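Architecture and fold: a report
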Amino acid sequence: MPTAAPLSPSRLWLPKRLLATKSALTWDHGRAMADRAGALGVDVVELPTDRLNLAVSDDPRRAYAEAKRTLALVVAPPSKRRLQPIAPSADWRVDLAEGCPAHCSYCYLAGSLKGPPITRVYANLPEIVEELPKHLGLGKVTSRSRTRAHEGTTFEASCYTDPLGIEHLTGSLAALIGFMGAWNADAQLRFTSKFDAVEPLLALPHGGRTRMRASVNPPRFARFEGGTSPVARRLAALRRMAQAGYPVGLTIAPIIAAEGWEDAYGQLIVDAGSALNDVPGLDLTVELITHRFTPGSKAVLDSWYPGSALEMDPAARTEKRTKFGGVKHVYDADMMRTLRRFLEAEIVKALSTARILYWT
Ligand code: SF4
């Protein structure tokens, strides 16, 4: 395996300020997060109430930059703690936070989160975790799948955030992994990440009940993924997780059919094979997600990243209806078939033990 040389430490994101609501600081986990941030040199502002009172600049660029440098420590209300099905990834979505400090030109959060893109982390972790046992055996997504039911009831933690990208500030992911490890149940936690700081997770008693996936794209598309860890480091991190006995996976997303995509994705898959194939007992899955956008997400992303070279031209795409009646713009059927055939063939060649979970 090529990663024998020691890696330099991961670059960790630090917000400029952490705004802690009054209620959040009544939770031990909330207080611990504020202490962690303070120890890392973050300006911790203890608010007298639960109102965040964000003073947002009128200049959209400045408002975006300020929001992205702000971490809010809040209590997740019941509506945010209610687990929702999340096809095709998992039976249930569990949120430890909302928002992400990175700057991806295609960020899927642009279409799902409202308001300035601050990252909110949840202090009431015990209340979030106590929802999980109530949903054991009730899943209708992976639990109903002929090929995935053996995963048990699945819980996805990266729908509204990248939990590893903020883990050095929260400790929430480690706590949830530890909970799953101790919970002797037919269940699995899942998370995907574009970050690489996995050291605090390696020695956890995970019990094989958490699957980490690295969210990857060819390095040539790194310009669309500002503030994330380099792809080679994400693959090296995934290798370390696999060596620590975690089931692992690749989320190849979003698949971008820009010029040169065949060479780029072919090499990415070969690189993933070099990073992973020799890990004893490797349990590897692959998820394949093509690039898409909605009118709403495009409007937000155009305002966040004006001038981005990422193609988001509705005229170059096919319209598809979402299950809620909205529109999304996807590649046309020919391109979808070509992409799928190519990627699946490359995966069979270079990642012979991998199970492809879905294509979308
Ligand atoms: Fe969005 Fe994921 Fe990029 Fe964060 S890492 S900005 S959640 S796409």
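Scroll up to find the structure this text is about.
Okay, so let's go over this structure.

What counts and what doesn't
Residues numbered from 1 in each chain as written. Predicted model: local features only at pLDDT ≥ 70, side-chain atom pairs only at ≥ 80, totals over all residues. Heavy atoms only, no water. Helix = DSSP H or I, 4+ residues; strand = E, 2+ residues; numbered from the N terminus. Phe/Tyr/Trp six-rings, centres within 6.5 Å; stacked < 30°, edge-to-face > 60°. Buried < 20%, exposed > 50% of the residue type's maximum accessible area, 1.4 Å probe, protein only. Lys NZ or Arg CZ within 6 Å of the ring centre and 35° of its normal. Salt bridge = Lys/Arg side-chain N within 4 Å of Asp/Glu carboxyl O. Near = heavy atom within 4 Å. Nonpolar A, V, L, I, M, F, W, Y, C, P; charged D, E, K, R; others polar.

A closer look at unusual backbone geometry
- Following A87, the chain continues into P88 via a peptide bond in cis, with omega recorded as 0°.
- With an omega of -15°, the peptide bond between A253 and P254 qualifies as cis.
- Position of P254 relative to the elements: it lies in strand β13 (residues 248–255).

Some thoughts on the packing of aromatic side chains
- Under the definition given, this model contains eight aromatic pairs.
- Ring plane angle 35° and centroid distance 5.3 Å describe the contact between F179 and W183, whose orientation is recorded as tilted.
- Under the relative-accessibility criterion, W183 is labelled buried at 15%.
- Consider the rings of F221 and F224, whose centres lie 6.0 Å apart with planes at 25°: the pair is stacked. Just as F221 is buried, F224 falls in that class too.
- Members of the aromatic cluster, joined through ring pairs, are Y64, W304 and Y305.
- Looking at R93, its charged tip hangs above the ring of Y160, at a distance of 4.2 Å from the centre.

Quick look at the environment of G281
- Looking at the secondary structure, you find G281 in the loop between α10 (261–276) and β14 (284–290).
- You can call G281 exposed: its relative accessible area is 77%.
- Along the sequence, G281 and Y246 sit 35 residues apart, while their C-alpha atoms lie 9.9 Å from each other.

So, the pattern of salt bridges
- Taken as a whole, this structure holds 20 salt bridges when the rule is applied.
- The shortest N-O distance in the salt bridge between D302 and K298 comes to 3.0 Å. Here K298 and D302 lie together in helix α11 (residues 295–304), a separation of four residues that amounts to about one turn.
- Using a relative accessible area of 35% as the deciding quantity, one classes D302 as partly exposed.
- In this structure, K349 and E346 form a salt bridge, with 3.0 Å as the shortest nitrogen-oxygen distance. Here E346 and K349 lie together in helix α12 (residues 333–350), a separation of three residues that amounts to about one turn.
- Note on K349: relative accessible area 63%, which makes it exposed.
- Sharing partners across several salt bridges, the network here consists of E156, R190, R213 and E287.

Thoughts on the site of the ligand
- Inspection of the region around the ligand gives C100, A102, C104, Y106, C107, Y108, L109 and K194 as its neighbouring residues.
- Within the shell around the ligand, the residues separate by chemical class into seven nonpolar, no polar and one charged.

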